[in-house]
Amino acid sequence: MSKIQKLTCYTFVMSPNISYTLKRYKKSKSLKIKIRPDGEVVVTAPTRLPKSYIETFIQEQSGWITEKLNYLDSLPEPHIKTQKGDYKKYKETARVIVHKHILNLNTHYGFAFKKVAIRDQKTRWGSCSSKKNLSFNYKIALIPEKFAQYIVAHELCHLKEMNHGPRFWKLVEETIPEYQKIQNELRKLRI
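These figures come from a predicted structure and were not determined experimentally. (Residues numbered from 1 in each chain as written. Predicted model: local features only at pLDDT ≥ 70, side-chain atom pairs only at ≥ 80, totals over all residues. Heavy atoms only, no water.)

Novice: Explain the sheet that holds strand S5 (residues 116-119) residue by residue, including any values.
Specialist: In spatial order, the strands read S5-S7-S6; together these 3 strands make up an open sheet with mixed pairing. For this open sheet the edge positions go to S5 and strand S6 (126-128), each flanked by a neighbour on one side alone. Within the sheet, the average angular offset between the axes of one strand and its neighbour, ignoring direction, is 15 degrees. The sheet contacts of helix H3 (residues 86-109) involve S5 and strand S7 (134-137), and relative to S5 the element is tilted by about 145 degrees. In this fold helix H4 (residues 145-157) packs onto S6 and S7, with an angle of close to 155 degrees to the strand it touches most, S7. (Pairing = 2+ DSSP bridges. Helix = DSSP H or I, 4+ residues; strand = E, 2+ residues; numbered from the N terminus. Axes fitted to C-alpha atoms, helices over the stretch in contact; angles between N-to-C directions. Contact = heavy atoms within 4.5 Å.)

Novice: I'd love a proper account of the packing of H4 against helix H6 (residues 179-187), names of residues and values included.
Specialist: For the pair H4 and H6, interaxial distance at closest approach is 10 Å and the crossing angle is 110 degrees. In terms of their interaxial angle, H4 and H6 are classed as roughly perpendicular. Across the interface between the two elements, Lys 146, Phe 147, Tyr 150 and Ile 151 from H4 touch Tyr 179, Ile 182, Gln 183, Glu 185 and Leu 186 from H6. Split into classes, the residues belonging to the contact of H4 with H6 amount to 6 nonpolar, 1 polar and 2 charged. (Parallel < 35°, antiparallel > 145°, perpendicular 65-115°, else oblique. Nonpolar A, V, L, I, M, F, W, Y, C, P; charged D, E, K, R; others polar.)

Novice: Got a sec to walk through the nonpolar core? Specific residues and values, please.
Specialist: Core analysis: the largest hydrophobic core is formed by 37 residues, its most contacted members being Phe 136, Ile 140 and Tyr 150. When contributions to this core are tallied by element, the ones reaching two or more residues are H3, S5, S7, H4, helix H5 (166-175) and H6. Among the elements that line this core, the one with the most residues is H4, at 8 residues. Apart from residues no more than four positions distant in its own chain, Tyr 150 is found in contact with Trp 169, Val 172, Ile 176, Tyr 179, Ile 182, Gln 183 and Leu 186. Counting 12 residues, the second-largest nonpolar core is a separate cluster that includes Tyr 20, Leu 22, Ile 35 and Val 41. (Core = buried A, V, L, I, M, F, W, Y, C linked by side-chain atoms within 4.5 Å. Buried < 20%, exposed > 50% of the residue type's maximum accessible area, 1.4 Å probe, protein only.)

Written out as structure tokens, the structure is:
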């Protein structure tokens, strides 16, 4: 007999519903909850622990579980899934999003620029040329708003600072105070 007995997935009814997989270990001495990156809630428990005790424990931890699941839901997908034809489909939506953020952010900065282009870029979210032209990836339409806003602010700031030096990051921070956190999350997102 295996030392792990994986039981079926139970749905624990509360607000909100929490589904979990229960694993029982013979040698386990404590009850633990783990939330996997894919959002699966795994509860490990000693073999002889009554299910009612486990459910009470989950109920007591429901606030923590919900908080962690909400955090995972707020993260972007690690890879943006696109299909042939998506560039045409999302190009104008991306343009609207970009122009909205430029209008909003440039009220603060007041930078002059020439053209704004929406492109199907393979490796970049955006770019700023020495001729003061801004380009943005159409996939900006497929990501959370805070990332789109950061990308636009980033490229706008290159109109004044064409590098990633301290003065550049000070400019970004003026409109995106949590830019470092957003940038770290965005780096995990593959185009």
